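Architecture and fold: a report
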Amino acid sequence: MSFFGGPAKPVQTYAPEPEEPAVERAELPSPRANTLITKGITVSGSIQGHGVIQVEGTIEGEVVLDGAVIVASTGLIKGPVQADTIRIAGHVEGNVVARDHLKLENTGVITGDLTTGSLIIEDGGCLNGRTTMAPKKSSQTEDASKPKAVAAAAAGDELDLDRDLDSDLF
């Protein structure tokens, strides 16, 4: 009997359809904030962006970065460089502006003028140009928003420039 005295309608039940096996899809790698210019590679033109760039090859052109530029011992930049933190173990031929900190490693050479808020030149590092000390750009609130690698480079933590980007450093 139904609700209001009418004949009851038969209730249809449906068996659930068998589930198809889930197809495993390869996950795309997460985007990296790091760029590596490897030994033997030459990049010509202007490079601008955010994050960390490690140069083991050659860049011919301007580099403007919100983040860190690391020039390994095999690296060469022919052009002006501007970044928050810069570490040089190779060669830079052009003017350099490090808004927060610059470290010139013992194998590093800068041929050009330098402007920075904080400077470390290791014994053996070579700076051929004028140096201007400017107030640091960063504050405590900006440091909290920086990526881990940029913060590590700014803090002056020891970097092994010959390690690849998959290391604990980045």
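The text that follows walks through the structure, step by step, so that each part is easy to find. Note on numbering: residues in each chain are counted from 1, in written sequence order. Local features in this predicted model are restricted to residues whose pLDDT is 70 or higher, and side-chain atom pairs enter the listing and the counts only when it is 80 or higher, whereas totals over whole chains, interfaces and linings include all residues. As a rule here, side-chain values cover all heavy atoms of the structure and leave hydrogens and water aside.

Glancing now at the nonpolar core. Take the buried residues of types Ala, Val, Leu, Ile, Met, Phe, Trp, Tyr and Cys, join any two whose side-chain atoms come within 4.5 Å, and each joined set is a nonpolar core. The cut-offs for exposure are 20% and 50% of the maximum accessible area for each residue type, with area from a 1.4 Å probe on protein chains only; residues under the lower value are buried, those over the upper are exposed, and the others partly exposed. Of all hydrophobic cores here, the largest spans 21 residues; its most connected members are Ile53, Ile59, Val69, Ile77, Ile86, Ile88 and Leu102. Residue assignment for this core shows that the elements contributing at least two residues are strand 3 (47-55), strand 5 (63-71), strand 7 (81-88) and strand 9 (96-104). Contacts of leucine 102, omitting those with residues within four sequence positions, involve Ile86, Ile88, Val96, Ile110, Leu114, Thr116, Ser118, Leu119 and Ile120. Here a strand is any run of E in DSSP of at least two residues, a helix any run of H or I of at least four, and the numbering for each starts at the N terminus. Pairs of residues are marked as contacts when any of their non-hydrogen atoms sit within 4.5 Å.

A separate point is the sheet that holds strand 6 (residues 76-78). At least two bridges found by DSSP between two strands are what make those strands a pair. The strand order 2-4-6-8-10-13 describes an open sheet built from 6 strands, whose pairing is parallel. Here the strands that pair on one side only, and so sit at the sheet edges, are strand 2 (42-44) and strand 13 (126-128). Neighbouring strand axes in the sheet, compared pairwise and without regard to direction, differ in orientation by 5 degrees on average. Where helices are involved, their axes are fitted lines through C-alpha atoms of the stretch in contact, as for all axes, and angles between N-to-C directions lie from 0 to 180°.

What counts as a salt bridge is simple: a side-chain nitrogen of Lys or Arg found within 4 Å of a carboxyl oxygen of Asp or Glu. Summed over all chains, the structure comprises 5 salt bridges. In this structure, aspartate 84 engages arginine 99 in a salt bridge whose closest nitrogen and oxygen atoms are separated by 2.8 Å. Taken together, the positions of aspartate 84 in strand 7 and arginine 99 in strand 9 put the pair 15 residues apart, joining distant regions of the chain. Judged by its relative accessible area of 5%, aspartate 84 is buried. A salt bridge links glutamate 122 to lysine 103, with the nearest nitrogen and oxygen atoms 3.3 Å apart. Separated by 19 residues along the polypeptide, glutamate 122 in the loop between strand 12 (119-121) and strand 13 and lysine 103 in strand 9 bring together distant segments of the chain. According to the relative accessible area criterion, glutamate 122 is partly exposed, its value standing at 23%. Each of the salt bridges in this network shares a partner with another, and the network as a whole consists of Asp66, Asp84 and Arg99.

This paragraph deals with the pairing of strand 5. A large share of strand 5 lies buried, amounting to 7 of its 9 residues. As paired elements, strand 3 and strand 5 share 9 bridges and run parallel to each other. Among the inter-strand pairings, glutamine 48 is bridged to a residue of strand 5, identified as valine 64. Sheet topology places strand 5 next to strand 7; 6 bridges connect them, and they run parallel. What sits directly across from alanine 68, in strand 7, is threonine 85.

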